[in-house]
Amino acid sequence: MSHIALVTLVVRDYDEALSFYTDALGFELVEDTDRGDGSRWVVVRPRGAAAGTGLLLARAKDEGQRASVGAQTGGRVGFFLHTEDFAADHARMLAAGVRFLEEPRHEPYGSVAVFEDLYGNRWDLLQPA
């Protein structure tokens with residue numbers, strides 16, 4: 001086994017999730033395929049990333065799944081977005097309306113700030129030291 005290819009993120013709506021991840025975070029759309037049953041196979045990943053881990057944006061199908069939208073990691077930071085230019089990406093994301101929960105911190109392991117996606121899932125924007 002060489003890597004994790006996809007991680008599923010349960011979302012309310014495909015198009016609103018696509019807009020956030022591509023416009024606000026700057027991810028690229030890898031695939032958006034209609035599955036013929038009202039669902040889609042929607043994959044995004046950070047722009048320029050090689051064949052690394054992508055996000056499968058999966059629309060919630062029932063009440064149980066809808067209840068998990070935004071709380072898939074129990075309120076903890078569950079996703080870690082690495083950057084090579086923390087200051088530029090932080091500024092771009094702020095300008096795009098991304099909600100940061102704290103001011104940037106400079107820790108021994110790197111520069112970091114926690115932000116929320118459009119559903120409230122917590123992410124670290126992180127430039128490793």
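The model shown is predicted, which means the values in this text are computed figures rather than measured ones.

Focus: the UniProt feature "domain: VOC" (unreviewed entry) in the protein chain
On the UniProt side, "domain: VOC" (unreviewed entry) is annotated at positions that read residues 3-128 here. Here residues 3-128 is 21% helix and 41% strand, with 20 Å between the C-alpha atoms at its ends.

Comments concerning the nonpolar core
The biggest cluster of nonpolar side chains holds 28 residues, and the ones touching the most others in it are Tyr21, Leu57 and Phe115. Mapped by element, the contributors of at least two residues to this core are β1 (6-11), α1 (14-24), β3 (40-46), β4 (54-59), β5 (77-82), α3 (86-95), β8 (110-116) and β9 (122-128). Per-element tally for this core: the top contributor is α1, with six residues. The contact partners of Tyr21, leaving out residues within four places of it in the chain, are Leu9, Gly26, Phe27, Val44, Leu55, Leu57, Asp117, Leu118 and Trp123.

Quick notes on the side chain of Ser111
Tracing the backbone through its elements, the reader meets Ser111 in strand β8. Judged by relative accessible area, Ser111 falls into the buried class, the value being 15%. A distance of 2.8 Å separates a polar atom in the side chain of Ser111 from a polar atom in the side chain of His106. Sequence-distant contacts of Ser111, defined by excluding residues within four places in its chain, comprise Phe86, Arg105, His106, Leu125, Leu126 and Gln127.

Describing the pattern of salt bridges
Here the structure, examined in full by the defined rule, presents nine salt bridges. Each of Asp15, Asp32 and Arg40 takes part in one network of salt bridges that share partners.

Section: the environment of Ala129
Turning to its location among the elements, Ala129 is positioned in the segment after β9. A relative accessible area of 82% places Ala129 in the exposed class. Separated by 21 residues in the primary sequence, Ala129 and Pro108 place their C-alpha atoms 7.0 Å from one another. When sequence neighbours within four positions are dropped, the list of residues in contact with Ala129 reads Pro108, Tyr109 and Gly110.

Considering α3
Of the residues making up α3, those classed as buried are Phe86, His90 and Met93. Taken around the axis of α3, the buried residues stretch over an arc of 70°, which confines them to a single face. Exposed and facing more than 90 degrees away from the buried side of α3 are Ala87 and Ala95. Tucked into the core, α3 has its buried residues touching α1, β6 (99-100), β8 and β9. Looking at the residues trailing α3, positive phi occurs at Gly97, about 90°.

Quick word on the environment of Val7
Relative to the assigned elements, Val7 resides in strand β1. Relative accessible area serves as the criterion here: at 31%, Val7 is assigned to the partly exposed category. Each C-alpha atom of the pair Val7 and Ala95 lies 27 Å from the other, and the pair is 88 residues apart in sequence. Apart from the residues lying within four places of it in its own chain, the contact partners of Val7 are Thr53, Gly54, Leu55, Leu56 and Phe79.

Calculation rules
- Positions within a chain are numbered from 1, following the residues in the order the chain's sequence is written.
- In view of the model being predicted, local features appear only for residues whose pLDDT reaches at least 70, and side-chain atom pairs are presented and counted only at 80 or more, with totals across whole chains, interfaces and linings using the full set of residues.
- Processing note: side-chain calculations cover all non-hydrogen atoms of the structure and skip hydrogens and water entirely.
- UniProt positions are given in the numbering used here, feature names are shortened, and annotations may be inferred rather than shown by experiment.
- Strands are runs of DSSP state E lasting at least two residues, helices are runs of H or I lasting at least four, and both sets are numbered from the N terminus onward.
- Each nonpolar core is a collection of buried residues, namely Ala, Val, Leu, Ile, Met, Phe, Trp, Tyr and Cys, held together in the definition by side-chain atoms within 4.5 Å.
- Between buried and exposed lies partly exposed: a residue is buried under 20% and exposed over 50% of the maximum accessible area for its type, with that area taken using a 1.4 Å probe on protein chains only.
- Any two residues having at least one pair of non-hydrogen atoms within 4.5 Å are treated as being in contact.
- Identification of polar contacts relies on pairs of N or O atoms within 3.5 Å, with a donor-acceptor requirement for protein atoms, meaning one able to donate a hydrogen and the other able to accept it, and with residues adjacent in sequence counted only if both atoms are side-chain atoms.
- Salt bridge, as used here: a side-chain nitrogen of Lys or Arg that lies within 4 Å of a carboxyl oxygen of Asp or Glu.
- Regarding the arc, it is the one traced by the directions from the helix axis to the C-beta atoms.

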